[in-house]
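Spelled out from the first residue to the last, the chains are:
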Amino acid sequence: MTEASRANPRTIQTLQSWDAMREAFVWNVPDMFNIAEACCDRWAALAPDQIALIEHTPQGRVEWSYRALKDASDRLAGALRARGFKRGDRLGILLPQCAATLIAHFATHKLGGISLPLFTLFGPDALAYRLRDSGAAALITHPAELEKLAGLDLPALHTIITTEPAPGALSLDDALEHAPLPSPVQTSAEDPAVMIYTSGTTGAPKGVLHAHRFLIGHMPSVECHHEGFPQAGDKGWTPADWAWIGGLMDMALPCLYHGVPLVALRMAKFDAERAWTLIADEGIRNLFLPPTALKLMRAAPRPTGLNIRTIGSGGEALGPDLLEWSKRELGVAINEFYGQTECNLVLASCAGTMPQKPGSMGRAVPGFDVSIRGPEGALPSGTVGEICVRTPNPCQFLNYWNLPEKTAQKVRDGWLYTGDLGVMDDDGYVTFAARDDDVITSSGYRIGPSEIETCLSAHPDVTMAAVVGLPDPARTEAVTAFITCPTDARDIEATLIAHVKSRLSPHLAPRRVIVLDALPMTATGKIQRRVLRDHYDTLYTD
């Protein structure tokens, strides 16, 4: 690291015993704070030629300095302002891992706006909902994505920017010819900065609005599960898309915050051999690898000369065999962590400071209090209850966009209720027990059933639909749809899978569609997804 590593201090000064770190920890969140300044402009002032990003594109490998990121984001901010984008407006970012994604985030934050990351696999229905609900004023994307927007009713959307020239859009190259923003808007740590939509585990997806401070809120876990991050020579990469909180906040922005070179490569489909090659060729030392990626990489041939220092993982439980494989074959302990879009990275393990317990998600990160609670309050150790996080804390969301009632249900009596069930042992380690909702965990994605059910039910050959996750050895759970339909429309599995892929996203498409005569219902007419999960083998047989 250069002397510019002092640009942003660690929240964890030195690794020591977990209890000692928790006891000594004090949050230091300044009144005024801006993500673009912390991750881009501050570094551009101290070490302008230091490499911030190494971008792998179909055309080749491109290195971006902090000076270049600052100049590009200043110019994009100027172009957006000239087109009426103002403080508080939302900019949709429909892009994969690439320099333009970071430039768009930083430009938005320099204007006091709210960046809205969007998954490139989203179809027109998924995009229409999020862009309309957020009232996005502008969007940046690839020209290939424009077809999804054709015919959508998006009255607030007045500016579309494309990474290459396209009819009816402002090209990014033309935008970057604009005069740079004279000076960025000053923001407080509490001002809104990023909105990420949930996967819709209970009802329609909700816009989770975060303040600039939530970047600081992520740092204690990142610095711990990456074993004293940053260290000299560190370099980070994740295959997780930056449209989700894991890819963006567990790796991308923390790297830039601490001056660690970030590698950008988003594969259309995860390729374990290509991942190993990238890690070896780039000398990547720090990885966030979702469990599904780890399982695929374990089975793939890997090159020699790896120099991995740390691996973090979360989203699904890792078995003892995967933990042992990493220690034996890679010489690295995988540190697990836990969080959710509303309040991320609140539990973590750190093999350098604590014993690992396979199956556990770790202990409460310094700066956070985590409790297992029931209707009457905290529960004794060894008892299953809801995982709750004490509020306020810098990582928690501001609110659900335009949903005050849902926000009040999520945060109450000084605690944020995650909706996940867990158990804490006498040493403070938390083990996941079950979901308190109908979320599906598949290939590292948290998937809600409601959006898929709505899409299926809109098909003329479907009367009713219910979507659940069923056990799958490769994916943890496989998205499975149960439907009722007219008797002459039973052979439509492939059609419905393709329908969801095209209208929503391939990662939301069911792996199977099972036709039943009737769906299990409660006395009040609600579909009993739990019955479908627990007794699907008796409801349906090949």
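Bear in mind the structure is a predicted one, so any value in this text is a computation, not a measurement.

1. Section: the side chain of Ser326
Structurally, the position occupied by Ser326 is in helix α12 (residues 320-330). A polar side-chain atom of Ser326 sits 2.7 Å from the main-chain carbonyl oxygen of Val332. For Ser326, the contacting residues outside a window of four places in its chain are Ile311, Gly331, Val332 and Ile334.

2. Overview of helix α4 (residues 99-110)
Taking 1.5 Å of rise per residue, twelve residues should cover 16 Å, and α4 covers 17 Å from first to last C-alpha, within 8% of that figure. Counting buried residues along α4, twelve of its twelve residues qualify, which places the element largely inside the surrounding structure. Those residues of α4 that sit buried are Ala99, Ala100, Thr101, Leu102, Ile103, Ala104, His105, Phe106, Ala107, Thr108, His109 and Lys110. Of the residues one or two after α4, Gly112 is the one with positive phi, at around 75 degrees.

3. Re the packing of helix α2 (residues 35-46) against helix α3 (residues 66-82)
Where α2 contacts α3, the two axes come as close as 8 Å, and the packing angle between them is 120 degrees. Classified by the angle their axes make, α2 and α3 are oblique. Judged by the sense of rotation from one axis to the other, the crossing of α2 with α3 is left-handed. Contacts between α2 and α3 pair Cys39, Cys40, Asp41, Trp43 and Ala44 from the former with Tyr66, Arg67, Leu69, Lys70, Ser73 and Asp74 from the latter.

4. Here we look at the packing of α4 against helix α9 (residues 245-257)
The N-to-C vectors of α4 and α9 enclose an angle of 75 degrees; their axes lie 13 Å apart at closest approach. As judged from the angle between their axes, α4 and α9 are roughly perpendicular. Judged by residue contacts, Leu102, His105 and Phe106 of α4 engage Leu248, Leu253 and Leu256 from α9. For the contact of α4 with α9, the class distribution of residues is five nonpolar, one polar and no charged.

5. Section: a negative patch on the surface
On the surface, Glu164, Asp173, Asp174 and Glu177 cluster together into a patch of negative charge. Summarising the element assignment, Asp174 is placed in helix α7 (residues 172-175).

6. What to know about the pairing of strand β14 (residues 334-340)
Summarising burial for β14: six of the seven residues are buried, a large majority. Where strand β13 (residues 310-313) and β14 come together, three bridges link them in parallel fashion. Residue pairing for β14: Ser313 is matched across the bridge by Glu336. In this antiparallel pair of consecutive strands, β14 and strand β15 (residues 343-348), the connection spans two residues.

7. Comments concerning the pairing of strand β1 (residues 51-57)
As paired elements, β1 and strand β2 (residues 60-65) share six bridges and run antiparallel to each other. Across the sheet, Glu55 pairs through a bridge with Val62, a residue of β2. The turn joining β1 and β2, which pair antiparallel and follow one another in sequence, is formed by two residues. For β1 and strand β11 (residues 262-264), the ladder comprises three bridges, and the chain directions are parallel. Looking at β11, one finds that Leu53 is bridged to Leu262.

8. Quick look at the nonpolar core
The biggest cluster of nonpolar side chains holds 95 residues, and the ones touching the most others in it are Ile35, Leu76, Phe106 and Leu253. Ranked by residues supplied to this core, first place goes to α9 with nine residues. Beyond its immediate sequence surroundings of up to four residues, Phe106 is in contact with Ile35, Ala36, Cys39, Cys40, Leu69, Ser73, Leu253 and Leu256. If you look at the next biggest cluster of nonpolar residues, it comprises 42 residues, including Ile114, Ala126, Val500 and Leu504.

9. Quick word on unusual backbone geometry
Going from Phe229 to Pro230, the amide bond is cis rather than trans, its omega being 0 degrees. Positioned with a positive phi, Glu227 is a non-glycine residue whose angle comes to about 50 degrees. Residue Glu227 is classed as buried on the basis of its relative accessible area of 19%. Within the chain, Leu345 stands out as a residue other than glycine whose phi angle is a positive 55 degrees. Secondary-structure assignment places Leu345 in strand β15. Residue classification places Leu345 among the buried residues on the basis of a relative accessible area of 0%.

10. A short note on the packing of aromatic side chains
Enumeration according to the criterion identifies eleven aromatic pairs in this entry. Consider the rings of Phe122 and Trp244, whose centres lie 6.0 Å apart with planes at 80 degrees: the pair is edge-to-face. Within this pair, whereas Phe122 is found in the loop between β4 (114-117) and α5 (124-134), its partner Trp244 is found in the loop between β10 (236-237) and α9, the two being separated by 122 residues in sequence. Residue classification places Phe122 among the buried positions, given a relative accessible area of 4%. In textbook terms, an aromatic cluster arises when at least three aromatic residues are bridged by ring pairs, as seen for Phe119, Phe122, Trp244 and Tyr445. The ring of Tyr400 carries the charged tip of Lys206 above its face, separated from the ring centre by 5.2 Å. Just above the ring of Tyr417 sits the side chain of Arg412; from NZ or CZ to the centre is 3.8 Å.

Each value, and the rule that gives it
- Residues numbered from 1 in each chain as written.
- Predicted model: local features only at pLDDT ≥ 70, side-chain atom pairs only at ≥ 80, totals over all residues.
- Heavy atoms only, no water.
- Helix = DSSP H or I, 4+ residues; strand = E, 2+ residues; numbered from the N terminus.
- Polar contact = N/O pair within 3.5 Å; in protein donor to acceptor, adjacent residues only side chain to side chain.
- Contact = heavy atoms within 4.5 Å.
- Expected span 1.5 Å × (residues − 1).
- Buried < 20%, exposed > 50% of the residue type's maximum accessible area, 1.4 Å probe, protein only.
- Axes fitted to C-alpha atoms, helices over the stretch in contact; angles between N-to-C directions.
- Parallel < 35°, antiparallel > 145°, perpendicular 65-115°, else oblique.
- Left-handed = near helix turned anticlockwise from the far one by under 90°.
- Nonpolar A, V, L, I, M, F, W, Y, C, P; charged D, E, K, R; others polar.
- Patch = residues over 30% accessible without salt bridge, like charges linked within 9 Å, V, L, I, M, F, W, Y side chains within 5 Å.
- Areas by Shrake-Rupley, 256 points an atom, 1.4 Å probe, with all protein chains shown as cover.
- Salt bridge = Lys/Arg side-chain N within 4 Å of Asp/Glu carboxyl O.
- Lys, Arg positive; Asp, Glu negative; His and termini not counted.
- Charge placed at Lys NZ, Arg CZ, Asp CG, Glu CD.
- Pairing = 2+ DSSP bridges.
- Core = buried A, V, L, I, M, F, W, Y, C linked by side-chain atoms within 4.5 Å.
- Phe/Tyr/Trp six-rings, centres within 6.5 Å; stacked < 30°, edge-to-face > 60°.
- Lys NZ or Arg CZ within 6 Å of the ring centre and 35° of its normal.

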